[in-house]
Every structure is written in structure tokens, then in C-alpha cells.
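Okay, here's what each chain looks like letter by letter:
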Amino acid sequence: MNHFCTITTQSHLYKVHALADSLKEQKHDFSLHVLVVDTNQSFVYANCIFYNLQDLSTNTTTKIILSKYRKKSDKLRWSLKPVFLLQLLEKPGSHKVVYLDNDLFFYSDYSFIFNLLDEHSFLLTPHHY
């Protein structure tokens, strides 16, 4: 199974839905782990597993990040990426996890990413506007 994750706010869940739909179109078995930082409400969407801040709050690093950035949504999301990824990597069966910004959309097969992760511990891509 291919594991992806993203971090979002409730107002941007429509982007997560489009991302999940684009992943589903590639006909691979996948899970999209979604951390929603501004609500404790539960959500359901195909192939998505939703988390909220309470799911991360037992981590000491998370508590420090929350105390500093709780009211600064962008910085909060950016700071929680490594914490969320680490939590997912520690789950059984998810030794490869790819972080995606929620505004991405896949038009073709993404298998090459996981093939590269067979050869490398991590991958970084440039961030272009």
C-alpha cells in the first residue's frame, strides 16, 4: 500500500478531496492521511484517514509547536510536517510515506516516487510558485 499525507485546514478540505480523487485515478492501493489542524470534527472521504491535533498532542515536540504557533495557521501546519510524518512512519506497515501539499493533483502514475524511495531514505523537491 502507498501512504501519502497532507496537512490542511477545514476550509481547504475540498483540495484534499481533489487530491484523493487524483490518487484514486492512478489505480494503486493507497491511503491519504490528513491532519486537519483547526477542528476536532470527524470527516470521511474515500481512502482518507483523518487526524486532528489531539491525535498528535501526546508528543512533546507537538506541545511545544502548539504553544508557539496555535494562532498562526500557516506556521503551525509547516511546523507539524515532520512530527506528523514521523508518527506515520512509526505505524506498522507504513515504512514509506510521501508528504503532499493539499493543492496537488496527479495526472499520471506516481509509482516512480515509491521506486525512488526503495533506493533513497528521503526525497526533496523544490518549491516553485
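Residues numbered from 1 in each chain as written. Predicted model: local features only at pLDDT ≥ 70, side-chain atom pairs only at ≥ 80, totals over all residues. Heavy atoms only, no water.

1. Thoughts on the overall build of the protein
Convention followed: The helix count covers DSSP runs of H or I at least four residues long, the strand count covers runs of E at least two residues long, and both are numbered beginning at the N terminus. Note that the radius of gyration is over C-alpha atoms, with the globule rule given as 2.2 Å times the number of residues to the power 0.38. Classification of residues uses two cut-offs on accessible area relative to the type maximum, computed with a 1.4 Å probe and protein chains only: under 20% is buried, over 50% is exposed, and between them is partly exposed. A contact between two residues is defined here by any heavy atoms of the two lying within 4.5 Å. A residue counts as positive if it is Lys or Arg and as negative if it is Asp or Glu; His and the chain ends are not included. To locate a charge, take NZ of a lysine, CZ of an arginine, CG of an aspartate or CD of a glutamate.
Within the protein, the secondary structure is distributed over four helices and four strands. From first element to last, N terminus to C terminus, the protein shows the α and β order β-α-β-β-α-α-β-α. Against the 2.2 N^0.38 benchmark of 14 Å for 129 residues, the protein shows a C-alpha radius of gyration of 14 Å, consistent with a compact globule. Referenced to the eigenvectors of the C-alpha coordinate spread, the extents of the protein come out at roughly 40 × 35 × 30 Å. Looking at the protein as a whole, 41% of its 129 residues are labelled buried. Counting contacts in the protein only where the partners sit at least 6 residues apart, residues at least 24 apart contribute 60% of the total. One way to put it: in the protein the 13 positive side-chain charges average out to a point 12 Å from where the 12 negative ones average out.

2. Considerations on the pattern of salt bridges
To keep it simple, the criterion reads: One side-chain nitrogen of Lys or Arg within 4 Å of one carboxyl oxygen of Asp or Glu is enough to make a salt bridge.
Evaluated as defined, the whole model comprises three salt bridges. Between Lys81 and Asp101 there is a salt bridge, with the nearest N and O atoms lying 3.9 Å from each other. Here Lys81 is found in helix α3 (residues 73-89), whereas its partner Asp101 is found in the loop between β4 (97-99) and α4 (111-119), with 20 residues between them in sequence. Under the relative-accessibility criterion, Lys81 is labelled partly exposed at 24%. What makes Asp101 partly exposed here is its relative accessible area of 27%. Residues Asp118 and Lys96 are paired through a salt bridge, measuring 2.1 Å at the closest nitrogen-oxygen approach. Of this pair, Asp118 sits in helix α4 while Lys96 sits in the loop between α3 and β4, and the two are 22 residues apart along the sequence. Accessibility expressed as a relative area gives 54% for Asp118, which makes it exposed.

3. Here's the deal with the sheet that holds β4
Here is the rule we go by: Here the rule is simple: two strands pair whenever DSSP picks up at least two bridges between them. Under this scheme, a helix contributes an axis fitted over its contacting stretch, all axes are lines through C-alpha atoms, and angles between N-to-C directions fall in the 0 to 180 degree range.
Strand order in the open sheet formed by four strands is β3-β2-β1-β4, and the pairing between neighbours is parallel. The open sheet has two edge strands with one neighbour each: β3 (48-51) and β4. Put simply, the sheet's adjacent strands are angled 25 degrees from each other on average, direction ignored. Looking at chain direction, strand β1 (residues 2-8) and strand β2 (residues 30-36) are connected through seven bridges and run parallel. Residue Thr8 lies in a different strand from β2, and its bridge partner there is Val36. Relative to the sheet, helix α1 (residues 13-24) contacts β1, β2 and β3, its axis offset from that of β2 by approximately 170 degrees. The sheet contacts of α3 involve β1, β2, β3 and β4, and relative to β1 the element is tilted by about 150 degrees.

Functional significance is not addressed by these values, which are geometric in nature.
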